[in-house]
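Close look at the chain arrangement
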Amino acid sequence: MTIARYEVFMKVVEQGNFTKAAEQLNMTQSAVSHAIASLEKEIGYALLNRSKQAKISTTVLADRLIPHMMQILRSEAIIREEISVENHQLEGTLKIGAFTSAASQLLPPMIAQLKTNHPCVKVVLFEGTYDEILTWLTNGTVDIGFVMNTEEKGHLHKILIHEDELVVGMPHNHPFAQLEVLDIKQLEGIDFIMPRASYQRQVLACLTDHNVTPNVLMEVLHCDTIINMASQGIGVTIGPKLLFQSYEQMLHKPLLQDTSRPICLAYRIGSPTIEAFLVSNQLEC
């Protein structure tokens, strides 16, 4: 069994499609199919279920083997990185998991700093929810990820990088717009758009802790929809300050009751590219 076949197999699983995997790998589709067939022949069992609609899914055996394949590929990548360090030019790929506001507000200058110090390191971004990022960190899909410090995962190393306060979002012509600071009790009975996004549990905890019950008109999943609804004056909302900083049509006001979500960078195992990212951004290693 060769590492190259593992790489092809994992790319097919990641893309869910032979054609897309071939494009990503700069291979022909027939070459990808041949690599998978050879791997299955060597193992002696099918790893992929193939349907007439060209959809694929992994077999039960494949699901058991995938974590081990990913570990082998990760170890092989770290070996290449260590050799590049010895050659005084770090090379490798750093896969980063981030939720939307962290990806748009915190990550860009951090990547820029890494590229300044290590121009040969490639960065791949995976955007997802808090839970998805934790899963990706656990199974090795990403090397490093943005997580909430309140999320308990004992196997992860965490570095606190930002305290993101919860604020009240509203249109510029809202009556609250004249206030410098809002007492959360002022939201009692107020028309409110409840987020169903990843930060919903922080919002619910904030309201519950202070016995505040706004008039929830709707629950909305996507951040863009929340912003569009609130900016039209349908209702106010609560969300992370980082989120509202991306939208000029929204005004946000701090709460008298200081509430924030601690954002950490987390990783499961160290590597030269992770260390380079942390050192480039003057974070503890």
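Residues numbered from 1 in each chain as written. Predicted model: local features only at pLDDT ≥ 70, side-chain atom pairs only at ≥ 80, totals over all residues. Heavy atoms only, no water.

Identification of the protein as LysR family transcriptional regulator from Paenibacillus alvei is taken from an unreviewed UniProt entry.

**Quick word on unusual backbone geometry**
Inclusion rule: For the purposes of this entry, the term helix denotes a DSSP run of H or I that reaches at least four residues, the term strand denotes a run of E that reaches at least two, and both are numbered from the N terminus.
Of note in this structure, N26 is not a glycine but carries a positive phi near 55°. Looking at the element boundaries, N26 is found in the loop between α2 (18–25) and α3 (29–43). Positive phi outside glycine occurs at Q282, with the angle close to 55°.

**Some words on the pairing of strand β7 (residues 191–195)**
Going by this rule: Residue exposure (1.4 Å probe, protein chains only): buried if accessible area is under 20% of the type maximum, exposed if over 50%, otherwise partly exposed. When DSSP locates at least two bridges between a pair of strands, those strands are taken to pair. A crossover gets the label right-handed when its path from the first strand over the helix to the second runs clockwise, viewed with the strands pointing away from the viewer.
Burial within β7 is extensive, with 4 of its 5 residues counted as buried. Note that β7 and strand β8 (residues 215–220) share 5 bridges and pair parallel. Paired with I193 across the bridge in β8 is M218. On the question of chirality, the crossover connecting β7 to the parallel β8 by way of helix α7 (residues 200–209) is right-handed.

**Focus on the pattern of salt bridges**
In a structure, side chains of opposite charge can pair up when their charged atoms sit close to one another. To be explicit about the condition: Each salt bridge in this description consists of a side-chain nitrogen of Lys or Arg and a carboxyl oxygen of Asp or Glu lying within 4 Å of one another.
Summed over the entire model, instances satisfying the criterion amount to 8 salt bridges. A salt bridge links R74 to D143, with the shortest nitrogen-to-oxygen separation between them at 3.1 Å. With a gap of 69 residues between them, R74 in helix α4 (residues 60–86) and D143 in the loop between α6 (130–139) and β5 (144–148) connect regions that are remote in the sequence. A single burial state applies to R74 and to D143, both of which are buried. As a salt-bridge pair, R201 and D131 come within 3.9 Å of each other at their nearest N and O atoms. Taken as a pair, R201 in helix α7 and D131 in helix α6 lie far apart in primary sequence, 70 residues in all. You can call R201 partly exposed: its relative accessible area is 43%. The exposure class assigned to D131 is partly exposed, which follows from its relative accessible area of 47%. Taken together, the shared-partner salt bridges connect R74, E81 and D143 into one network.

**Some thoughts on the packing of helix α1 (residues 3–15) against α3**
A pair of packed helices is characterised by two quantities: the angle between their axes and the separation of those axes. Rule in force here: Here an angle of 0 to 180 degrees is reported between the N-to-C directions of two axes, which are lines fitted to C-alpha atoms, with helices fitted over the stretch in contact. For classification, angles of less than 35 degrees are called roughly parallel, those exceeding 145 degrees roughly antiparallel, those between 65 and 115 degrees roughly perpendicular, and all remaining angles oblique. In a left-handed crossing the near helix is turned counterclockwise from the far helix by less than a right angle, and in a right-handed crossing that turn is clockwise. Note on definitions: a residue-residue contact is assigned when non-hydrogen atoms from the two residues lie within 4.5 Å.
The geometry of α1 relative to α3 is characterised by a closest axis approach of 9 Å and an angle of 110° between their N-to-C directions. The angle between α1 and α3 falls in the class roughly perpendicular. For the pair α1 and α3, the crossing hand works out as left-handed. For the pair α1 and α3, contact is made by R5, Y6, V8, F9 and V12 and by V32, A35, I36, S38, L39 and E42, respectively.

**Examining the pairing of strand β4 (residues 121–127)**
Note that strand β3 (residues 92–98) and β4 share 7 bridges and pair parallel. Opposite K95, over in β4, you have V124 as the bridge partner. Chirality of the crossover, the property in question, places the unit of β3, helix α5 (residues 100–117) and β4 among those that are right-handed.

**A look at the nonpolar core**
The condition is simple: Residues enter a nonpolar core if they are buried and are Ala, Val, Leu, Ile, Met, Phe, Trp, Tyr or Cys, with the set joined through side-chain atoms within 4.5 Å.
Counting 65 residues, the largest nonpolar core has I144, F146, L187, F277 and L278 as the members making the most contacts within it. With 6 residues, the single largest contributor to this core is α5. In contact with F277, other than residues within four places in its own chain, are L94, I96, L107, M110, I111, L114, I144 and L265. By size, the runner-up hydrophobic cluster in this structure holds 22 residues, among which are F18, L48, I56 and L73.

**Here we look at helix α8 (residues 223–231)**
Quick reminder of the rule: Here the arc refers to the set of directions running from the helix axis out to each C-beta atom.
What α8 keeps buried is the set C223, I226, I227, A230 and S231. Looking straight down α8, one finds that the buried residues subtend no more than 120° of arc, so they occupy a single side. Residues of α8 that are buried sit in contact with β7, β8, β9 (237–240) and α9 (241–244).

**Notes on the packing of aromatic side chains**
Definition in use: Between 30 and 60 degrees the pair is tilted, below 30 it is stacked and above 60 it is edge-to-face, where a pair is any two Phe, Tyr or Trp rings, Trp via its six-membered ring, whose centres lie within 6.5 Å.
Under the criterion given, the structure shown has 2 aromatic pairs. Centre to centre, the rings of F99 and Y130 are 5.0 Å apart; their planes meet at 80°, and the pair counts as edge-to-face. Within this pair, whereas F99 is found in the loop between β3 and α5, its partner Y130 is found in helix α6, the two being separated by 31 residues in sequence. What makes F99 buried here is its relative accessible area of 4%.

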